[in-house]
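Observations on the three-dimensional arrangement
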Amino acid sequence: MSAAKNKAAQGNLTEALELLIQHLQSNRSDVQTWHQASLLAEQTDQSTLAGFAHRQCISLAPNLAIAYIYAGHWLNNQNDLEAAASAYSLAYDLQPERFLSPSNYSNNQVTFDRTVSGGKVLSSFLREKHQLSCGSSEKVREARWVRTDAADITLPKMTLDTTKSCPELFKIDEVRQQPFYETIDFDWATQLIDSKEGILDELRLFLNSEELAKSARPYLSAQEVTQGPLSDLAGSTNWKAIDLYRNGERSSIAERSFSKTENLLKNVPLYALSEHPFEVFFSLLKPGQEIAPHYGQSNHSLTVHLPLIVCNQGYLEVAGEQRKWSENELIVFDDSFLHSAHNVGDLDRVVLIFSIWHPDLTRADQDAVRSSFNSRAKWLDQRYNKTLEALPKSMPD
């Protein structure tokens, strides 16, 4: 396409665009040429053609972040803020570092400017969407989705600050932020500890059954975690989970093998975004294994460990403070602080793990969190279709 390049260099943009279009008539899968055509179409005020070219780039290269950034810019110029935010959000998922450190990608000024602008559009849109979903809860309305909130572009977690709550996803500032909570503060804790033999009985039966091999999974998927502090355990059976509830879905083994465990948890304020608890699972950590220091997703819930099979030498460390797993004690902690786990004994460490609502959140606050999370999840599921639907579906005559 040197002829088109020469025409563009001479300032003959319309002729250059015509040459690109001619090429694309027989080479419709040429993403780079569609991208060049989109830029020339913008420069020659052929908006519909530019939008169609952006659509072609996305359709042909759905994993190319730049395609969504340029489409988002076009959509924003059409005043379709939701579709623009959808495109920018898809670009962010594919290459978040472009938005978090745009100066590292400043070799192309147009791309740099559109990325910076896109980050602002996305942050503003999602902030407003969150606030509209929160009802009367001022506490939750002022919370932040930290990955896309402009105030959190540089997070303290980058320095592994053990003194601060640094959740990876969602943070409410107006709640207590402390690493550990004492079980004496929870009226359900004593009864659960006193009844743990029933849970342990069901667990032992399960560990000796054929179901174990079918149901236990590596806690971290090798596909989902490819880098970072936990990548060494990704896909490994050194850290396994037996799920009763996962991401709000009840497993098939919950009723079949752990009905007593479920009944004992009925009086616990389990964190939930739907009718089911968000997560309840048995965590198995092999002897000699360590779960590297990392931050959890949010601080609107707390994590609870009910130790079932432990060695006196194993311990959990949160914000620099160590607590041993003991068969007669719960550990309640905020996993948005830097935390790690260490099984230095000679037995598998098995604890029942579940999440509870942060005790500083009222029912109205809890409802607001659910509404924000569910509204956001629904929007995220629709982003790709929303982006394509807003772009021209055919080339103008």
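The structure under discussion appears in the preceding block.
What you see is a predicted model; the values in this text were computed from it and never measured.

1. Here's the deal with the sheet that holds strand S8 (residues 290-294)
Pairing in this open sheet of four strands is antiparallel, and the strands run S8-S13-S10-S11 from one edge to the other. The open sheet has two free edges, formed respectively by S8 and strand S11 (321-324), since each of these has just one partner strand. Strand after strand, the sheet turns through a mean of 15° between neighbouring axes, direction not considered.

2. As for the nonpolar core
Counting residues in hydrophobic clusters, the biggest one holds 39 residues, and the most contacted among them are Leu17, Ile58, Leu75 and Leu122. Going through the elements one at a time, helix H2 (13-26), helix H3 (31-43), helix H4 (47-60), helix H5 (65-77), helix H6 (81-94), helix H8 (109-132) and helix H15 (363-390) are the ones with two or more residues in this core. Judged by nonpolar contacts, the second largest core, of 34 residues, contains Trp188, Ile242, Val268 and Phe354.

3. Overview of the packing of aromatic side chains
In the structure shown here, the tally under the stated rule is 14 aromatic pairs. Ring centres 5.5 Å apart and planes at 80° place the aromatic pair Trp34 and Phe52 in the edge-to-face group. In this pair, Trp34 sits in helix H3 while Phe52 sits in helix H4, placing the two residues 18 residues apart along the sequence. By relative accessible area, Phe52 is classed as buried at 4%. Relative to Trp188, the ring of Phe186 lies with its centre 5.6 Å away and its plane at 45°, an arrangement referred to as tilted. Using a relative accessible area of 9% as the deciding quantity, one classes Phe186 as buried. Grouping aromatic residues by their ring pairs yields a cluster made of Trp145, Phe170 and Phe373. The residue whose ring lies beneath Arg323 is Phe180, and the NZ or CZ to ring-centre distance is 4.2 Å. A cation over a ring is seen here: Arg349 above Trp325, with NZ or CZ 4.8 Å from the ring centre.

4. Focus on unusual backbone geometry
Residues other than glycine seldom take positive phi values, yet Asp45 does so here, at roughly 60°. Tracing the backbone through its elements, the reader meets Asp45 in the loop between H3 and H4. Within the chain, Ala319 stands out as a residue other than glycine whose phi angle is a positive 50°. Examined against the element boundaries, Ala319 turns out to sit in the loop between strand S10 (315-318) and S11. Assessed through its relative accessible area of 22%, Ala319 is described here as partly exposed.

5. A word on the pairing of strand S13 (residues 339-342)
Of the two faces of S13, both are covered, the one formed by His339 and Ala341 as well as the one formed by Ser340 and His342. Direction of pairing for S8 relative to S13: antiparallel, over a ladder of three bridges. Bridging from a neighbouring strand, His294 pairs with His339 of S13. Direction of pairing for S10 relative to S13: antiparallel, over a ladder of four bridges. When the bridges of S13 are listed, Val318 appears paired with His339.

6. Details of the packing of H2 against H3
It is at 9 Å that the axes of H2 and H3 come closest, and there the two elements cross at 150°. Relative to H3, the element H2 is oriented roughly antiparallel. Handedness of the H2/H3 crossing: left-handed. Residues Leu13, Ala16, Leu17, Leu20, His23 and Leu24 of H2 touch H3, and the partners they reach there are Thr33, Trp34, Gln36, Ala37, Leu40, Ala41 and Gln43. Looking at the contact of H2 with H3 residue by residue, the class counts come to nine nonpolar, four polar and no charged.

7. Observations regarding the side chain of His54
Mapping His54 onto the fold places it in helix H4. On the basis of relative accessible area, His54 is assigned to the buried category, the value being 1%. With near-sequence residues (within four places) excluded, His54 lies in contact with Ser38, Glu42, Tyr70, Ala71, Trp74 and Leu391.

8. As for H5
Its 13 residues place the ends of H5 19 Å apart at the C-alpha level, agreeing with the 18 Å of an ideal helix rising 1.5 Å per residue. On its buried face, H5 sits against H3, H4, H6, helix H7 (96-100), H8 and H15. Of the residues flanking the end of H5, it is Asn79, one or two places downstream, whose phi is positive at about 65°.

Procedures and definitions
Residues numbered from 1 in each chain as written. Predicted model: local features only at pLDDT ≥ 70, side-chain atom pairs only at ≥ 80, totals over all residues. Heavy atoms only, no water. Pairing = 2+ DSSP bridges. Helix = DSSP H or I, 4+ residues; strand = E, 2+ residues; numbered from the N terminus. Axes fitted to C-alpha atoms, helices over the stretch in contact; angles between N-to-C directions. Core = buried A, V, L, I, M, F, W, Y, C linked by side-chain atoms within 4.5 Å. Buried < 20%, exposed > 50% of the residue type's maximum accessible area, 1.4 Å probe, protein only. Phe/Tyr/Trp six-rings, centres within 6.5 Å; stacked < 30°, edge-to-face > 60°. Lys NZ or Arg CZ within 6 Å of the ring centre and 35° of its normal. Parallel < 35°, antiparallel > 145°, perpendicular 65-115°, else oblique. Left-handed = near helix turned anticlockwise from the far one by under 90°. Contact = heavy atoms within 4.5 Å. Nonpolar A, V, L, I, M, F, W, Y, C, P; charged D, E, K, R; others polar. Expected span 1.5 Å × (residues − 1).

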